[in-house]
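Coordinates in review
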Amino acid sequence: MAVFTEVSPQEAADLLSTLNLGTLQSMRGATSGIENTNYFVSTDRGDYVLTLFERLTAEQLPFYLKLMHHLAARGIPVPAPQPDAQGEILHTLKGKPAAVVTLLKGRNQLAPQVADCAQVGAMLARMHLAGVDYPLQQPNLRGLAWWTETVPVVLPFLSAEQAAMIIDELAFQQALGTTPAYAALPRGPIHADLFRDNVMFDGPTLSGFFDFYFAGVDTFGFDIAVCLNDWCIDLTTGALDPARAAAFVAAYDAVRPLTDEELALLPALLRAAALRFWTSRLWDFHLPRDAAMLQPHDPTHFERVLTLRRDQPWTWRRPDGAPQA
């Protein structure tokens, strides 16, 4: 959520007034993230997030904003896009697509424990079920097609050993994508970026998911894998914590039981999720855009994660002894 486009208080106040959200009292730019310009804004009526979209187009954005509206209507705690007098939730500011959404209560849990991971797993399953009847379609724009396009772009920045691994992993994922087992995986709208900093807790209780601007239709298993690779690992080494990982998957499975294909392919999907973020972090690190408060992530973190998922596949078994991955 770095600031790429500077917005003045008056410009923000004018948009908030148009949306009938009250009088601007304060605003500050967010300092994390690398995709959009975000400001936290407060008015005499409430707290909101003002987002200017730096990469997504006005044609792509309705999928994300309407998905958030759809999920909120079904009881999933997500930020609510704010409409203008005509009911439109996509706006324009500084010549760029923009949105204003409600700010979730609470704070991030950056050192999650077993109980936190279980709450995220259960809510993720609820979110997947709530999105099954969402009518709009858009692929995961950071899925296999994007990896195939982007890996060659970042290869010049890699050592021979790194290049060999990323090429081998891409080939593995491309082959996996052609298999009947992969085709049988349940699919629907997924968050695709549900890291620790995209979830809020109000005290000990999960209070919401946010930042849906990587969402797309993909396998539910990929969403699970993205979460496991962040919520349930040691951040220093990238190693999965067995207790947190088991709690996450068990809580998810209790809400939406995993299929045999999902259990069997979970180790491969964990590799896919690691490849996705290693690739994107390499791209952002070596080919950065200008931003007032840009803090690109270290790509070597997900290199370590991918290495471990390849060398030490993780499996899960239901307590009743049903088949595991």
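Because the structure is a prediction, the values reported are computed rather than measured. (Residues numbered from 1 in each chain as written. Predicted model: local features only at pLDDT ≥ 70, side-chain atom pairs only at ≥ 80, totals over all residues. Heavy atoms only, no water.)

Points about helix 4 (residues 144–154)
Counting along an α-helix, one turn takes 3.6 residues, and residues three or four places apart therefore face a common direction. Among all positions in helix 4, only Trp146, Trp147, Thr150, Val151 and Val154 are buried. The buried residues of helix 4 occupy an angular sector of 125 degrees when projected down its axis, which confines them to one face. Opposite the buried face of helix 4, by more than 90 degrees, sit the exposed residues Ala145 and Glu149. Residues of helix 4 that are buried make contact with helix 5 (160–176), helix 7 (220–231) and helix 9 (260–286). (Buried < 20%, exposed > 50% of the residue type's maximum accessible area, 1.4 Å probe, protein only. Helix = DSSP H or I, 4+ residues; strand = E, 2+ residues; numbered from the N terminus. Arc of directions from axis to C-beta. Contact = heavy atoms within 4.5 Å.)

Here we look at the side chain of Thr219
Within the fold, Thr219 resides in strand 9 (residues 216–219). On the accessibility criterion, Thr219 (0% relative accessible area) is buried. Side-chain polar atoms of Thr219 contact the backbone nitrogen of Phe222, separated by 3.1 Å. Thr219 has contacts with Tyr182, Leu185, Pro186, Arg187, Ile190 and Leu269, leaving out every residue within four places of it along the chain. (Polar contact = N/O pair within 3.5 Å; in protein donor to acceptor, adjacent residues only side chain to side chain.)

With respect to the packing of aromatic side chains
Throughout the structure, instances matching the rule amount to ten aromatic pairs. Taking 5.5 Å as the distance between ring centres and 70 degrees as the angle between the ring planes, the aromatic pair formed by Phe63 and Tyr134 counts as edge-to-face. Taken as a pair, Phe63 in helix 2 (residues 61–73) and Tyr134 in the loop between helix 3 (114–130) and helix 4 lie far apart in primary sequence, 71 residues in all. Considered together, Phe63 and Tyr134 belong to a single accessibility category, that of buried residues. With centroids separated by 5.9 Å and ring planes inclined at 50 degrees, the aromatic side chains of Phe195 and Phe302 adopt a geometry described as tilted. Residue Phe195 is found in the loop between strand 6 (187–190) and strand 7 (199–202), and its partner Phe302 is found in helix 10 (residues 300–311); the two are separated by 107 residues along the sequence. Phe302 carries the same exposure label as Phe195, and that label is buried. Feature note: the residues Phe53, Phe63, Tyr64, Tyr134 and Tyr213 constitute an aromatic cluster, connected by ring pairs. For the cation-ring pair, Arg142 lies above Trp146, with the distance from its terminal atom to the ring centre recorded as 4.3 Å. Between the NZ or CZ atom of Arg276 and the centre of the ring of Phe214, over which it lies, the distance is 5.0 Å. (Phe/Tyr/Trp six-rings, centres within 6.5 Å; stacked < 30°, edge-to-face > 60°. Lys NZ or Arg CZ within 6 Å of the ring centre and 35° of its normal.)

Considering the packing of helix 7 against helix 9
It is the contact of helix 7 with helix 9, at a shortest axis distance of 8 Å, that shows an interaxial angle of 60 degrees. Judged by the inter-axis angle, helix 7 sits oblique to helix 9. The two elements helix 7 and helix 9 meet at a crossing, and its hand is right-handed. Note on element contacts: helix 9 touches helix 7 through Glu262, Leu266, Leu269, Leu270, Ala272, Ala273, Ala274, Arg276 and Phe277, opposite Phe220, Gly221, Phe222, Ile224, Ala225, Val226, Leu228 and Asn229. (Axes fitted to C-alpha atoms, helices over the stretch in contact; angles between N-to-C directions. Parallel < 35°, antiparallel > 145°, perpendicular 65-115°, else oblique. Left-handed = near helix turned anticlockwise from the far one by under 90°.)

Remarks on the pattern of salt bridges
Overall, the coordinates contain eleven salt bridges when judged by the stated rule. The residue Asp284 makes a salt bridge to Arg55 at a minimum N-O spacing of 3.6 Å. Remark: Arg55 occurs in the loop between strand 3 (46–52) and helix 2 and Asp284 occurs in helix 9; sequence separation between them is 229 residues. Judged by relative accessible area, Asp284 falls into the buried class, the value being 8%. In this structure, Arg271 engages Glu169 in a salt bridge whose closest nitrogen and oxygen atoms are separated by 2.7 Å. Placement of the pair is Arg271 in helix 9 and Glu169 in helix 5, with a sequence separation of 102 residues. Across the pair, Glu169 and Arg271 agree in class, each one buried. (Salt bridge = Lys/Arg side-chain N within 4 Å of Asp/Glu carboxyl O.)

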